[in-house]
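Each chain is listed here by its residues.
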Amino acid sequence: MKTMLFCDMIAFFTLAGLLFAVGLTCKLSRSRTVRRAVTIGGTVLIVCVIAVQLFLNAIAFGIIGLVPDRR
């Protein structure tokens with residue numbers, strides 16, 4: 001369980017950093033295409049980090065697991 005807490009903390013800091021980078025880039029960049037590219041790329045990365053973290057937590061809490069062998 002300590003490992004999952006550690007992974008959750010890393011994911012939280014990663015999400016905070018991504019949100020900060022996207023927000024800062026959108027404020028400072030003057031080019032519309034750069035803002036759009038950073039926003040789309042950052043949003044995709046944020047969604048992927050959240051999805052992976054939810055998947056790992058589901059495995060850790062036993063919601064999903066190995067499929068039983070039915071022979």
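Keep in mind the model is a prediction, meaning the values are calculated, not measured. (Residues numbered from 1 in each chain as written. Predicted model: local features only at pLDDT ≥ 70, side-chain atom pairs only at ≥ 80, totals over all residues. Heavy atoms only, no water.)

Draft legend 1. Representation of helix α2 (residues 32-60) within the structure. Over its 29 residues, α2 extends 42 Å from the first C-alpha to the last, a length consistent with the 42 Å expected when each residue adds 1.5 Å. Taken together, the buried positions of α2 are Gly42, Ile46, Gln53, Asn57 and Ala58. Considering only its buried residues, α2 is in contact with α1 (2-28). Positive phi shows up at Gly62, right after α2, with a value of about 85°. (Helix = DSSP H or I, 4+ residues; strand = E, 2+ residues; numbered from the N terminus. Expected span 1.5 Å × (residues − 1). Buried < 20%, exposed > 50% of the residue type's maximum accessible area, 1.4 Å probe, protein only. Contact = heavy atoms within 4.5 Å.)

Draft legend 2. Spotlight on the side chain of Asn57. Its place among the elements puts Asn57 in helix α2. Not counting residues up to four positions away in its chain, the partners in contact with Asn57 are Met4 and Asp8.

Draft legend 3. Representation of a nonpolar patch on the surface. On the surface, Met1, Val52, Phe55, Leu56, Ile59, Phe61, Ile63 and Ile64 cluster together into a nonpolar patch covering about 820 Å² of accessible area. Mapped onto the elements, Ile63 comes out in the segment after α2. (Patch = residues over 30% accessible without salt bridge, like charges linked within 9 Å, V, L, I, M, F, W, Y side chains within 5 Å. Areas by Shrake-Rupley, 256 points an atom, 1.4 Å probe, with all protein chains shown as cover. Salt bridge = Lys/Arg side-chain N within 4 Å of Asp/Glu carboxyl O.)

Draft legend 4. Broad picture of the packing of α1 against α2. The contact between α1 and α2 brings their axes to 10 Å, and the two run at 170°. Taken together, α1 and α2 sit at an angle that is classed as roughly antiparallel. Across the interface between the two elements, Met4, Cys7, Asp8, Ala11, Thr14, Leu15, Leu18, Leu19, Val22, Thr25 and Cys26 from α1 touch Arg35, Val38, Thr39, Gly42, Leu45, Ile46, Val49, Ile50, Gln53, Leu56, Asn57 and Ala60 from α2. (Axes fitted to C-alpha atoms, helices over the stretch in contact; angles between N-to-C directions. Parallel < 35°, antiparallel > 145°, perpendicular 65-115°, else oblique.)

Draft legend 5. Quick look at the side chain of Gln53. Mapping Gln53 onto the fold places it in helix α2. Relative accessible area serves as the criterion here: at 13%, Gln53 is assigned to the buried category. For Gln53, the contacting residues outside a window of four places in its chain are Met4, Cys7, Asp8 and Ala11.

Draft legend 6. Structural view of α1. The end-to-end C-alpha separation of α1 is 39 Å, in line with the 39 Å expected for 27 residues at 1.5 Å each. All of the buried residues along α1 are Met4, Ala11, Leu15, Leu18 and Val22.

Draft legend 7. Main features of the environment of Met4. Tracing the chain through its elements places Met4 in helix α1. Apart from the residues within four sequence positions on either side, Met4 is in contact with Gln53, Leu56, Asn57 and Ala60.

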